[in-house]
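# Survey of secondary and tertiary structure
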Amino acid sequence: MLARNCSRIARILSRTAASPSSLRLQPVLAYAARTLSTSRTALVDATTAAKPAPAPSKTYLPPITVDGQTFVRDAWTNTPPSILSLLPRRLHMNPAHPIGILRHLLESYLPTYTHLSAPSPIVTVKQNFDDLGFPADHPGRSRGDSYYLDARTMLRTHTSAHEPEVFARGEDRWVLTADVYRRDEIDASHYPAFHQMEGAHVWDRSTIKDVLPAEIARLRAELDQAKLIIEDETLPNSPTNPYQAQHDPEIAALVADHLKATLSGLVYRLFSGLQRPGDEPLRVRWIEAYFPWTGPSFEVEVMYRGEWLELLGCGMMSQDALDRFGVPQKTGWAFGLGLERIAMVLFNIPDIRLFWSVDERFARQFAPGRVSTFEPYSRFPPCYKDISFWLPEQWHENDFFEVVREVARDSVEDVKLIDDFTHPKTARRSVCFRVNYRSMDRNLTNEEANELHAKVTDKLVRTLGIEPR
């Protein structure tokens, strides 16, 4: 389950109480998948009860047609054309794209696991939230955080939306990769579309004591031959990271040991090829963590270029979740990670927007199976424009970011809040955002930036009801 970047996922979950972060680990340690079919109907029953809807719009808009399916707009529909245009890209399925390259590298390091993909991100609310046990008032369900096609259908916010089906197929060890979508802020490391990888390994509990000791010994023998230092100060069944009450402590200890040996090897194989002759041994660090749907839970970091880089979150799967998925006799572990975060480091890509570039100068720098350093082909000056306004009664910051993205697309590098003021007499609140207009591919003139900014302001007034200052 898990992923984008685990830190962000944790922040989302803490707000909740994210997004495989997450979401440090996005709910239900699942971020997993359906290899299965490109059609949402082939996966899960589409019927689900939606939350109370917002007030219906009085403006008629035509139905949405995407991935061969048509959806009649309703009060929940909030997915803009700019997001729908990303669905056919499927970067993780392109073997010559950094996301696809990283995906295939990680899968090659787990050759005995079933490698899954869920091509269509269109899922039901039931799949994305209900089946995973999300409470009805979870913030992730709001239109401010997620993209809806209608009240019952949405773009998945995590790969966990497919996890129940993977276990229903009888898969015991698997890795799933998919694109996921969440409304988000605008800067060089956040984008409303990104990619997660989730993996899991489960066993019938009656076999664990017979099978795992030899398997753990084999994995540890391989690690002993590696130029690797593993720093692990986590304690078995510690008061701050305990085993689950339903689990036999001996079985839980074996599963945790197998998890650590497997993922330490995965990290070593991914990063050891990037070391230079004479470098010190690769250092991997295990840290206690808290994720609501795993226990015990851990984060894994690697020392890279002199800094600790957070890679993934993992842990022993919630037995309640496995019971809910129809495999109560099984126990195991799962992990999740965000591909963009790792790819930006490995390929030295400074801006997350570049992953979605169609500029040939970007695409031709990468080849299947090879990690190469991105060479910037342009660096244009920023063009800053401020917008200050009184907030309307109904306000969600992500609505503001969505309008900016929809109008200016990828011509905006980042948006920062630079002032937040509450009038001492009227108690009205105003904010000021600084928008940095900068294209990745060409020089954006001040006149073009002014025109874009005027369009952004106009749409903010028309759609959000802001009052410019």
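What you are looking at is a predicted structure, and each value in this text was computed from that prediction instead of being measured.

### Description of the sheet that holds strand β13 (residues 330-338)
- Pairing within the open sheet is mixed, and its 8 strands lie in the order β3-β7-β8-β13-β12-β11-β10-β9. Where the open sheet ends on each side, the last strands, each with one partner, are β3 (114-117) and β9 (228-232). Within the sheet, the average angular offset between the axes of one strand and its neighbour, ignoring direction, is 20°.
- Relative to strand β7 (residues 173-181), β3 runs parallel, the two being bridged by 4 bridges. Bridge assignment links S117 to a residue of β7, and that residue is T177.
- Across the sheet, helix α9 (residues 339-346) is in contact with β7, β8 (193-204), β11 (294-304), β12 (307-317) and β13; its angle to β13 comes to roughly 50°.

### Observations regarding the packing of helix α3 (residues 98-108) against α9
- The N-to-C vectors of α3 and α9 enclose an angle of 100°; their axes lie 10 Å apart at closest approach. The angle between α3 and α9 falls in the class roughly perpendicular. Residues I99, L102, R103 and L106 of α3 pack against L339, E340, I342, A343 and L346 of α9.
- Across the contact of α3 with α9, the residue classes break down as 7 nonpolar, no polar and 2 charged.

### What to know about the confidence of the model for the protein
- On average, the protein scores 87 in pLDDT, and the residues at 70 or more come to 87%.
- Note that pLDDT drops below 50 for residues 1-51; the model gives that stretch 254 contacts with residues more than four away or on any other chain.

Definitions and limits used
Residues numbered from 1 in each chain as written. Predicted model: local features only at pLDDT ≥ 70, side-chain atom pairs only at ≥ 80, totals over all residues. Heavy atoms only, no water. Pairing = 2+ DSSP bridges. Helix = DSSP H or I, 4+ residues; strand = E, 2+ residues; numbered from the N terminus. Axes fitted to C-alpha atoms, helices over the stretch in contact; angles between N-to-C directions. Contact = heavy atoms within 4.5 Å. Parallel < 35°, antiparallel > 145°, perpendicular 65-115°, else oblique. Nonpolar A, V, L, I, M, F, W, Y, C, P; charged D, E, K, R; others polar. pLDDT = per-residue confidence, 0-100.

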